[in-house]
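# Residue-level structure breakdown
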Amino acid sequence: MIRTEKILHLKNNRGRRLRVVREHYLREEVPCYSSVCQAGCPNGGKVLPGDLTHYVVPDVGVGVDYLEILEFQEMQGIIFTQTVCQAVQHSKGRRQYNRLRNLLKDPRHDCVLFSNEFQEYSYCPREKGESQEEWQTRCVYSAAVWYHNHLAGLMDIVMITQDQDTVTEYSSLNSGVYVVSVQDYLKNFWPDLQGAHELYASISLALQVKESEGKEEEYRDHLPAEVLDAGIKSGRYIQGTLNVSKHRAQTEAFVMLEGFSNKSSDIGWCVLVHGDKARNRAVHGDIVVVELLPKSEWKGKVTALTEGQGEEKSGEDERKPMATGRVVGVQQRNWRDYVVTVPPREGPQAQSRNFQRILTVPWDHRIPKIRISTQQADTLQDHRVVVRIDSWETSSLYPNGHTVRVLGRAGELDTEVQTIVVENSISVPPFSDAQLREMPLNSAENPWTVDPAQVEARLDIRQSHLVFSIDPKGCEDVDDTLSVRCLADGKLFELGVHIADVTHFVKEGSLTDLEARSRATTYYLADRRYDMLPAVLSSDLCSLLGGVDRYAMSVIWELDAHTLAVNKVWYGRTIIRSSYQLHYELAQALLNGEQVPVPELAQVSPEQKDSRLAELTQALETLTFIARHLRAQRDRGGALELEGVEVRAKLDEQKNITALVPRQPLEVHETVAECMIYANHWVARKIQETFPHQALLRRHPPPRQEFFSQLVESAKARGFNIDTTTNKTLADSLERAVDPEDSLVNRLLRMMTTQAMSEALYFSTGALTVPEFYHYGLALDCYTHFTSPIRRYADMVVHRLLTAAIAEEKALSKMLASNKEVEQMSQHINKKNRAAKRAQKLSTELFQCLFFKDRDPQSDPHCMADGIIYSIRDDGVLVFVPEYGIKAPVYLKNREGQVVMVQQDGSCERTSGTIRRHRDHISTTSACGTSTFRLFDHITVRISVSSSHCHADRIHLEIISNKPYQSSQPAQPHTEARCQLVREVVRLAEEAHQQAQQKEARRSKFSREEREFCQSKTPNLYSLLEEVRELALMDLEMVGQVCATTA
Ligand SMILES: [Zn+2]
């Protein structure tokens, strides 16, 4: 090892330059991470493949400014030098540096880090008079040459740079080491990687115009980091996350304080930041530091009904001045990719050289306009584009950014769906070849078979147990099956839950595992889904289909037949063969004693058929018996039923329920759900006992009482008393709050309850105390997710924990993730679940809007519907339209001061007057008298769409009459109407798309990209999603059992 000195020139927080001398040790053996290494380097971990034409070495300028291009997964064989990494860290800050580190860590990206400055033969000391930039370039080039020599010339090396002088100086020094510009590199090596070319052009433009900002200061400078830190410590400043108001994005933003409970009561839990000067270039989501203004300048927030408002938690003080402050610094930028719309051009714009700078409008109201530079201003008009913000200088009113890719023309179905996906930071590229190569083979020529070694290692219950599944009709991915039998002359029951053994096929840390982890869940949108796992697993080898051998993870209980107390519980890997793939209606029919054909018994002889049918029916009956008991047990503990019970009864009268609509009043739904809850609960117990500090569980915190105020008040309006003291009293009082005249009342009360609930969350057992593990909704002391590993990553983590827990007993313990890692994982999954839910909700709304968009609200009968008032606001009411599942405001007073007055016949007209809000009703008064609108009143509404070019369209409701809507046509079950809605919208969109494609083909090249991210299309999921959405609490736990498996 050779000791030398290295002189660094660093910038400190204030921008001052420092000269630092560090001791520096050089070694001979610095790993090259290449699989064509000829020198036997200790290459662990990620290694560059040898079957490439070249390796590419970016110089400092490329690493700093063009890193995004190297993030394309198609780019292979990238070597980042230590020199480049350090330069990125010093000149671009933590965000960009983390980006680079994540890239290096991610095995899906083919790139490595070479510690060139520790390598004896690639290190070059800085020469006298040599500038930092010159030296860095020499270091990177020297590393490139080292690679070429080290790999004995087996691999060409291409150094890429943006500096023409570097190309001139170095390109002809060594054969086999090429020095080219990024543009030439892309042109010659990646001519078809269109996305990279476009990104390159947009970054280059953004860099060119960077200097040409105005001189005028629009904003104050942010304070230096050390001043902010000191101010926070002394209590002068407050730190928190900036949350811009959705409805008043221009003026209102709130800083949510971290650990608000210990702040002074004056401030409460958030600080208002009023106006864009006070916001001082902070963007929604940034972690900011605020300084409080003097109390005399404090402001109140507005609570009047604003368009787009539908569901917000109530119970806060209104219009009272609240703590108000201004942003003095930003601790962390949390910028993501934003979808913007390039507005149509109005007149000539500031055009210089051959590009234009345009202000684009983000789809998310909370994000400020972003200025981009483009050469395609004309082509991009009316298109939705993904952009990234680069900077926001004090001299600029708006942040500057660059375009990343084009999604398509605004208003087209695919563009709008992709917008929702990007806006929720959901990344679902098609599975890569490398990921698919990890999958087991299963084709007609090479069918997958059971491995004899696995038969040895697993409990084989193929012969001994009657295993069956119950799912919605047409279900492809069956991740759970059941078995039940009587033992010891009927003194004991044995209940088994057998779950797809996904982690057998997906090894921890494999590319497929990383992809699944990054997705965290399967995403269900109205007309399509994005799977968490490749189809060969999700709908084939992991799907517990009937009549085939499958690996499973099982929980098997031995229960006392009378008390149902658990005698014994066994966890482990099994091999099963499901005998029956039942659907809910069939299972229920068998339970009801109906004569129904069972497909699996079609070919069986009559005498055999009877006995086998009896066996199956007996099993279903036993299962129902056990589930009823388990359910009663949880009910006594206070489990909440948040479904609309009455809706089921209503649906019961209908004959034409489509197969994909699972919510029928079938007890068997509950039976299956109950068994899954039981399995989840027992697995939670097992992993928590074995790993008290690092098990992944799911908790549901009790709701904050103040969120119940709307529910309690609303119920009172109808004479019901809702007791929210405990989950038990809440469940009981909800059960009683039934209006015999109007089934929707109970459904709405349950919806309000759901809204008031806290969110159920994953966590690591080491991060909380045992009482905090409680699951409020299910009334269980501990709970986790085990039963759906095909579509939830949490379940895969739990499967691995359970495997480790079993191995532990056999003294075969292995290295496990730490508490901190499990907690980080939990937070990641929680975040992705939220994104999934939001995307689902947005796509539902998108379809509602697309359905109504081209209809004439004045003449189309679809546009009239029955609505029910579920909340009272200052200048209007919130209305639920059950037929379409729409929730939207109805304004009773417009901007011109006109109020809605009811005429003799119930019809509504607008005249000038006043409006007054009461607890459970709202009144309008004009010269002709007073009209009153009460909670739970049925009214007739007209549905139309408020179109918005740059944002999402919104449903607009207008009150037509204060009487319930009398349709001229027979009423349809609302779920069916919604299925039709999706079918119709998809059909129209496909027609429109074909037309547009023909047009686009003549005009532009974007259409190729537009459909790129679509993976699978399944029709009719819409109604399922509605169910999932409405049961916000149960959603991903039990409804999942009912519906998501169909998808
Ligand atoms: Zn080597």
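Residues numbered from 1 in each chain as written. Predicted model: local features only at pLDDT ≥ 70, side-chain atom pairs only at ≥ 80, totals over all residues. Heavy atoms only, no water.

As annotated in an unreviewed UniProt entry, the protein carries the name DIS3-like exonuclease 1 and is attributed to Cynoglossus semilaevis. Taken verbatim from the UniProt record of the protein, the Sequence similarities (unreviewed entry) comment is "Belongs to the RNR ribonuclease family." (UniProt positions renumbered as here; feature names shortened; annotations may be inferred.)

This paragraph deals with the overall build of the protein. Across its full length, the protein holds 29 helices and 39 strands. Residues classed as buried in the protein amount to 55% of the 1047 residues present. Sequence-distant contacts in the protein: of pairs separated by 6 or more residues, those separated by 24 or more amount to 70%. Taken as a whole, the protein presents about 45,800 Å² of accessible surface, with 49% of it coming from carbon and sulfur. (Helix = DSSP H or I, 4+ residues; strand = E, 2+ residues; numbered from the N terminus. Buried < 20%, exposed > 50% of the residue type's maximum accessible area, 1.4 Å probe, protein only. Contact = heavy atoms within 4.5 Å. Areas by Shrake-Rupley, 256 points an atom, 1.4 Å probe, with all protein chains shown as cover.)

Looking at the zinc ion, one finds its protein donor set to be Cys 32 (SG), Cys 37 (SG), Cys 41 (SG) and His 150 (NE2), positioned 2.0 to 2.3 Å from the metal centre. Bound by four donor atoms, the zinc ion shows angles of 100 to 117° at the metal and therefore tetrahedral coordination geometry. (Donors = N, O, S within 2.8 Å, 3.2 Å for Na, K, Ca; no water. Tetrahedral: all angles 85-135°; square planar, octahedral: opposite > 155°, others 65-115°.)

Let us now look at the packing of aromatic side chains. Applying the stated rule across the entire model yields 15 aromatic pairs. With a centroid separation of 4.8 Å and an interplanar angle of 35°, the aromatic rings of Trp 557 and Tyr 678 are classed as tilted. Highlighted residues: Trp 557 in strand β25 (residues 549-560) and Tyr 678 in helix α20 (residues 667-690), separated in sequence by 121 residues. Tyr 678 carries the same exposure label as Trp 557, and that label is buried. The rings of Phe 114, Trp 146 and Tyr 147 are connected pair by pair, giving a single aromatic cluster. Cation over ring: Arg 685 sits above Trp 682, and NZ or CZ is 4.0 Å from the ring centre. In this structure, Arg 699 is placed above the aromatic ring of Phe 763, and the distance from its NZ or CZ to the ring centre is 5.9 Å. (Phe/Tyr/Trp six-rings, centres within 6.5 Å; stacked < 30°, edge-to-face > 60°. Lys NZ or Arg CZ within 6 Å of the ring centre and 35° of its normal.)

Looking now at the packing of helix α21 (residues 709-717) against helix α23 (residues 743-756). Interaxial distance between α21 and α23 falls to 9 Å at its minimum, and their mutual angle equals 165°. When the axes of α21 and α23 are compared, the pair comes out roughly antiparallel. α21 and α23 meet at a crossing whose hand is left-handed. Residues Gln 710, Leu 711, Ser 714 and Ala 715 of α21 pack against Leu 749, Met 752 and Thr 753 of α23. (Axes fitted to C-alpha atoms, helices over the stretch in contact; angles between N-to-C directions. Parallel < 35°, antiparallel > 145°, perpendicular 65-115°, else oblique. Left-handed = near helix turned anticlockwise from the far one by under 90°.)

Right, let's get into the pairing of strand β20 (residues 467-471). Of all five residues in β20, five are buried, a share of seventy percent or more. Of the two faces of β20, the one holding Val 467, Ser 469 and Asp 471 and the one holding Phe 468 and Ile 470 are both buried throughout. Bridge analysis of β20 against strand β21 (residues 480-487) gives two bridges, and the strand direction is antiparallel. From the neighbouring strand, Phe 468 faces β21, where its bridge partner is Leu 482. (Pairing = 2+ DSSP bridges.)

What follows covers the nonpolar core. If you look at the biggest cluster of nonpolar residues, it comprises 89 residues, and the most contacted ones within it are Phe 468, Ile 470, Trp 557, Leu 582, Leu 620, Leu 696 and Phe 786. When residues are assigned to domains, this core turns out to be shared by domain 3 (433-601 + 608-643) and domain 4 (667-851), each giving three or more. Each residue touching Leu 582, except ones within four places of it in the same chain, is listed here: Phe 468, Ser 469, Ile 470, Asp 471, Ala 587, Leu 616 and Leu 620. By size, the runner-up hydrophobic cluster in this structure holds 63 residues, among which are Ile 78, Val 182, Trp 190 and Ile 203. (Core = buried A, V, L, I, M, F, W, Y, C linked by side-chain atoms within 4.5 Å. Domains from an automatic or database assignment.)

Below, the discussion takes up unusual backbone geometry. Phi is positive for Tyr 33, close to 55°, though the residue is something other than glycine. With respect to the helices and strands, Tyr 33 occurs in the loop between β2 (17-26) and β3 (54-58). With a phi close to 60°, Leu 564 is a non-glycine residue in the positive phi region. In this fold, Leu 564 is placed in the loop between β25 and β26 (566-583).

We now examine the environment of Asp 540. Mapped onto the fold, Asp 540 is located in helix α16 (residues 535-541). A sequence separation of 64 residues divides Asp 540 from Glu 476, and the C-alpha atoms of the two residues are 7.9 Å apart. Those residues in contact with Asp 540 that lie beyond four places of it in its chain are Asn 442, Ala 535, Leu 545 and Arg 550. Among the polar contacts made by the side chain of Asp 540, one reaches the side chain of Asn 442 at a distance of 2.8 Å. (Polar contact = N/O pair within 3.5 Å; in protein donor to acceptor, adjacent residues only side chain to side chain.)

Moving on, we come to the sheet that holds strand β8 (residues 237-244). With mixed pairing, the five strands of this closed barrel are ordered in space as β8-β9-β10-β12-β11. Within the sheet, the average angular offset between the axes of one strand and its neighbour, ignoring direction, is 50°. Judged from the six bridges that link them, strand β11 (residues 287-292) and strand β12 (residues 324-332) form a sheet pairing that is antiparallel. From the neighbouring strand, Val 288 faces β12, where its bridge partner is Val 330.

As a packed pair, helix α22 (residues 727-736) and α23 sit with axes 9 Å apart at the nearest point and diverge in direction by 155°. One way to sum up the angle between α22 and α23 is to call them roughly antiparallel. Mapping the contact onto sequence places Leu 730, Leu 734 and Glu 735 in α22 and Asn 746, Leu 749, Arg 750 and Thr 753 in α23. When its residues are assigned to classes, the contact of α22 with α23 shows three nonpolar, two polar and two charged. (Nonpolar A, V, L, I, M, F, W, Y, C, P; charged D, E, K, R; others polar.)

With that settled, the discussion passes to a negative patch on the surface. Together, Glu 133, Glu 134, Asp 163, Asp 165 and Glu 169 make up a region of like negative charge exposed at the surface. At the level of secondary structure, the elements contributing two or more residues to the negative patch comprise α4 (132-150) and α5 (164-170). Checked against the element boundaries, Glu 133 lands in helix α4. (Patch = residues over 30% accessible without salt bridge, like charges linked within 9 Å, V, L, I, M, F, W, Y side chains within 5 Å. Salt bridge = Lys/Arg side-chain N within 4 Å of Asp/Glu carboxyl O. Lys, Arg positive; Asp, Glu negative; His and termini not counted. Charge placed at Lys NZ, Arg CZ, Asp CG, Glu CD.)

Right, let's talk about the pattern of salt bridges for a bit. One side chain can pair with another of opposite charge once the charged atoms of both are near each other. Enumeration over the complete set of coordinates arrives at 43 salt bridges. Its salt-bridge partner being Asp 739, residue Arg 718 comes within 2.6 Å of it at the nearest N-O pair. Here Arg 718, found in the loop between α21 and α22, pairs with Asp 739, found in the loop between α22 and α23; they are 21 residues apart in sequence, far enough to count as distant. For Asp 739, a relative accessible area of 12% gives the class buried.

Here we take up helix α11 (residues 413-423). Since there are 3.6 residues in each turn of an α-helix, residues three or four apart along the chain are aligned in direction. In terms of residue burial, α11 counts as a mostly covered element, since 11 of its 11 residues are buried. Those residues of α11 that fall on the buried side of the exposure criterion are Leu 413, Asp 414, Thr 415, Glu 416, Val 417, Gln 418, Thr 419, Ile 420, Val 421, Val 422 and Glu 423. Two residues or fewer after α11 comes Ser 425, characterised by a positive phi angle close to 50°.

What follows deals with the sheet that holds strand β31 (residues 886-891). Across a sheet, paired strands are connected by hydrogen bonds in the backbone, their directions being either parallel or antiparallel. Within the open sheet, the five strands sit side by side as β31-β30-β29-β37-β38. Their pairing is antiparallel. Two strands lie at the open edges of the sheet, namely β31 and β38 (954-961), each paired on one side alone. Each strand of the sheet is rotated relative to its neighbour by a mean of 50°, with strand direction disregarded. Pairing geometry for strand β29 (residues 864-872) and strand β37 (residues 938-946), over five bridges, is antiparallel. Counterpart to Asp 866 in the pairing with β37 is Thr 940.

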